[in-house]
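An overview of the molecular structure
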Amino acid sequence: ALIPMSNDLLRSTNFDNDVIVGQDVTKQMALGVDYGALLGTGGEFQPLGVFTDKEVEHVDAKALSNDDLADSNGMITADFPVYVRSKVLAKNVDDSKLGWAFNSVLEGYLMNLKTTTGAYIYRDEMNSGKLAGFPYRVSNQITTDGTGLTELAFGNWSDLLVGEQLGLETYTTLDGSWTDEDGVQHNAFEENLAATRALMYVDIAARHKESFIHVKNIKAF
């Protein structure tokens, strides 16, 4: 992560801008680790995430051909979470840290599932942080596309190993150069900026691939 700050701002305020920036950096780096663990492609500077690991079981909600679970558009039913959970449990995996990962859009869809009489199926349980008997966590690193398609993972997260070297390292310079996301070159000295670089060495791997399942093409709206 690279964070440029105006030297005028640093000189003109009486609160600790560097502390605020440090907190933001820590949060963004943590989100980066989350992204790598779930969606990393395994290419340069990215670990191999659960969603992209070819040795993890992958299910396409559109291709189930089972109306009791999902239709051809990927719209899942209330039976679907139990189906996903059962596929992992059938492999006799360690269930000490089993849980779900999905985004807030899918969370809302699941919370709104109702019986034919209008009673919410999962809402009370999800208000306590569980779905189909196991905890869930929301990460909006998992996206929903313009057509409403999203994805989820379920598994034993104690089998996802995260190795860190050195922890979070920061360095601030007054004369460094960098290129922003739009491809524009910047120089801290010329633009009267202080630039802070944050660096972490992290690698992530699923110790037991069978401990996870990934489902794609779930239609959340």
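Let us look at the structure shown here. Given the structure is predicted, the values throughout are model-derived calculations rather than measurements.

Brief notes about the packing of aromatic side chains
Enumeration according to the criterion identifies 5 aromatic pairs in this entry. Between Trp-100 and Phe-154 the ring centres are 4.5 Å apart and the planes differ by 45°, which places this aromatic pair in the tilted class. Linking Trp-100 in strand β3 (residues 98-102) with Phe-154 in strand β6 (residues 149-156), this pair joins segments that are 54 residues apart in sequence. Each member of the pair, Trp-100 as well as Phe-154, is classed as buried. Taken together, a centroid distance of 5.7 Å and an interplanar angle of 65° make the contact between Phe-134 and Phe-154 edge-to-face.

Remarks on the sheet that holds strand β1 (residues 2-6)
Spatially, 3 strands are ordered β1-β10-β7 in an open sheet, and the strand pairing comes out antiparallel. Strands with a single pairing partner mark the edges of an open sheet, and in this sheet they are β1 and β7 (160-173). Sheet twist, expressed as the average angle between the axes of neighbouring strands with direction ignored, equals 15°. Bridge analysis of β7 against strand β10 (residues 193-206) gives 11 bridges, and the strand direction is antiparallel. Paired with Thr-170 across the bridge in β10 is Ala-198. Contacting β1, β7 and β10, helix α2 (residues 17-39) crosses the sheet at an angle of about 30° to β10.

Concerning unusual backbone geometry
The phi angle at Phe-45 is positive, at roughly 65°, despite the residue not being glycine. Position of Phe-45 among the secondary structure elements: in the loop between α2 and β2 (57-60). Even without being glycine, Ala-132 reaches a positive phi, approximately 50°.

Re the layout of surface pockets
By rolling a water-sized probe across the atoms, one finds the places where empty space is left. Considered as a void within the structure, the largest pocket measures approximately 680 Å³ in volume. Around the largest pocket, the lining comprises 21 residues; the ones closest to its centre are Ala-1, Met-29, Gly-32, Phe-45 and Met-200. At the level of elements, α2 and β10 are the ones that each hand at least two residues to the lining of the largest pocket. Grouping the amino acids of the lining of the largest pocket by side-chain chemistry returns 14 nonpolar, 4 polar and 3 charged. When its volume is computed, the second largest pocket comes out at roughly 330 Å³. As for the second largest pocket, its lining consists of 16 residues, of which Leu-38, Trp-100, Ala-101, Arg-137 and Trp-157 are closest to the centre. Secondary-structure elements contributing two or more residues to the lining of the second largest pocket are α2, β3, β5 (134-138) and β7. Partitioning the lining of the second largest pocket into residue classes produces 11 nonpolar, 2 polar and 3 charged.

The rules we used
Residues numbered from 1 in each chain as written. Predicted model: local features only at pLDDT ≥ 70, side-chain atom pairs only at ≥ 80, totals over all residues. Heavy atoms only, no water. Phe/Tyr/Trp six-rings, centres within 6.5 Å; stacked < 30°, edge-to-face > 60°. Helix = DSSP H or I, 4+ residues; strand = E, 2+ residues; numbered from the N terminus. Buried < 20%, exposed > 50% of the residue type's maximum accessible area, 1.4 Å probe, protein only. Pairing = 2+ DSSP bridges. Axes fitted to C-alpha atoms, helices over the stretch in contact; angles between N-to-C directions. Contact = heavy atoms within 4.5 Å. 1 Å grid on protein atoms, 1.4 Å probe; cavity = no way out; pocket = protein on both sides within 12 Å on 5 of 7 lines; lining within 4 Å. Points joined across faces, edges and corners; volume = space filled by probe spheres on them. Nonpolar A, V, L, I, M, F, W, Y, C, P; charged D, E, K, R; others polar.

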